[in-house]
Amino acid sequence: MGVLGRRNKPAAAGVAVVALTAVVCLLPVIARAQLRVGFYDATCPNAEALVRQAVAAAFARDTGIAAGLIRLHFHDCFVRGCDASVLLTVNPGGGKTEREAAPNNPSLRGFDVIDAAKAAVESACPRTVSCADIVAFAARDSINLAGNLFYAVPAGRRDGRVSNETEALLNLPPPSFTAKELTDRFR
Ligand SMILES: *[C@@H]1O[C@H](CO)[C@@H](O)[C@H](O)[C@H]1NC(C)=O
């Protein structure tokens, strides 16, 4: 770069523009790259194994819990993204929580499994693994146990601090939706 600059200043300016353009174009990629597979490899290497143990223990008692945990993840993600807001029992802004909303209460289940997984992970590595990642891992493990499919889960989600009943009612697709309405909402 120094050689280029000495010999030909306009070329150096051109390089700077190209570099700036590259940085600007890379920003969305960097933003997406915040979630990554193996996010806890250094900070809590057993995190995913501990979650899997909790899910496997629950599945051994009741195979139906797999469907419950997949639905928990889906209902979490539709409201403010996959941020574990569905787990919150208090709405800091006042009013009812997402968890209390009719699409979730009383049918949503698996909270006890997430609590057990979180307790195991907290005792291994305190204050390291987010509840949102635990919910995402547990849904993956449920699919793996029930359907023998596996996918790697990019992690690094942050837990939400807002849980609002109205947002759950507005965002969760009702059972009356047509296939088109469902695919539109999923998109
Ligand atoms: C909940 O969300 C609704 C819809 O976005 C908003 O109007 C309401 O103020 C929120 N309530 C609280 C307590 O945050």
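Each chain carries its own residue numbering, running from 1 in the written order of its sequence. Only residues with pLDDT of 70 or above have their local features reported here, since the model is predicted, and side-chain atom pairs are shown and tallied only from 80 upward, although totals for entire chains, interfaces and linings are computed over all residues. Only hydrogens and water are set aside; all other atoms, that is, all heavy atoms of the structure, feed into the side-chain values.

For the protein, the name recorded in an unreviewed UniProt entry is Peroxidase 1, with Eleusine coracana subsp. coracana as its organism. UniProt positions are given in the numbering used here, feature names are shortened, and annotations may be inferred rather than shown by experiment. Taken verbatim from the UniProt record of the protein, the Sequence similarities (unreviewed entry) comment is "Belongs to the peroxidase family."

Quick look at the packing of helix H5 (residues 111-124) against helix H6 (residues 131-147) now. All axes are obtained by fitting lines to C-alpha atoms, using only the stretch in contact for helices, and the reported angles, taken between N-to-C directions, cover 0 to 180 degrees. In this description a helix means any DSSP run of H or I spanning at least four residues, a strand means any run of E spanning at least two, and both kinds are numbered starting from the N terminus. Look at H5 against H6: their axes get within 10 Å of each other, and the N-to-C directions meet at 120 degrees. Put simply, H5 runs oblique to H6. Of the two elements, H5 crosses H6, and the hand of that crossing is right-handed. Only Cys131, Ile134, Val135 and Ala138 of H6 make contact with H5, whose side of the interface consists of Ile114, Ala117, Lys118 and Val121. Gly is put with the polar residues, along with every residue not named as nonpolar or charged; the nonpolar set is Ala, Val, Leu, Ile, Met, Phe, Trp, Tyr, Cys and Pro, and the charged set is Asp, Glu, Lys and Arg. For the contact of H5 with H6, a count of residues per class yields seven nonpolar, no polar and one charged. The scheme is simple: roughly parallel for angles under 35 degrees, roughly antiparallel for over 145, roughly perpendicular for 65 to 115, oblique for anything else. Less than a right angle of anticlockwise turn of the near helix away from the far helix marks a crossing as left-handed, whereas a clockwise turn marks it as right-handed. In what follows, a contact means two residues having at least one pair of non-hydrogen atoms within 4.5 Å.

What follows covers the side chain of Ser85. Among the structural elements, Ser85 can be located in the loop between helix H4 (65-77) and H5. Not counting chain neighbours up to four residues away, the residues in contact with Ser85 comprise Asp76, Val79, Glu98, Val162 and Ser163.

Here we come to the pattern of salt bridges. For this analysis, a salt bridge means a side-chain nitrogen from Lys or Arg found within 4 Å of a carboxyl oxygen belonging to Asp or Glu. For the structure on display, the rule yields eight salt bridges. With a shortest N-O distance of 2.9 Å, Asp141 and Arg140 are connected by a salt bridge. Side by side, Asp141 and Arg140 carry an identical accessibility label, which is buried. Here Asp184 and Lys180 are joined by a salt bridge, their closest N and O atoms 2.6 Å apart. Here Asp184 and its partner Lys180 are both found in helix H8 (residues 179-186), four residues apart, which amounts to about one turn of the helix. Between buried and exposed lies partly exposed: a residue is buried under 20% and exposed over 50% of the maximum accessible area for its type, with that area taken using a 1.4 Å probe on protein chains only.

Before going further, it helps to spend a moment on unusual backbone geometry. Residues Asn105 and Pro106 are joined by a peptide bond in cis, for which omega reads 10 degrees. The topology assignment puts Pro106 in the loop between H4 and H5. In this structure, Arg80 is a non-glycine residue whose phi angle is positive, near 65 degrees.

Right, let's get into the UniProt feature "active site" (unreviewed entry) in the protein. UniProt records the feature "active site" (unreviewed entry) for His75 in the present numbering. If you trace the backbone, His75 turns up in helix H4.

For the purposes of this analysis, a disulfide is any pair of cysteine sulfur atoms at a distance within 2.5 Å. All told, the structure shown has two disulfides when counted by the stated rule. Here Cys44 engages in a disulfide with Cys125; their sulfurs sit 1.8 Å apart. Note on the Cys44 and Cys125 pair: the S-S dihedral is about 50 degrees, so by sign convention the disulfide is right-handed. Here the residue Cys44 occupies a position in the loop between helix H2 (9-32) and helix H3 (47-61), and Cys125 occupies one in the loop between H5 and H6, the gap between them amounting to 81 residues. Given the relative accessible area of 1%, Cys44 is considered buried. By relative accessible area, Cys125 is classed as buried at 9%. Taken in N- to C-terminal order, the disulfide-linked cysteines of the protein are connected 1-4, 2-3.

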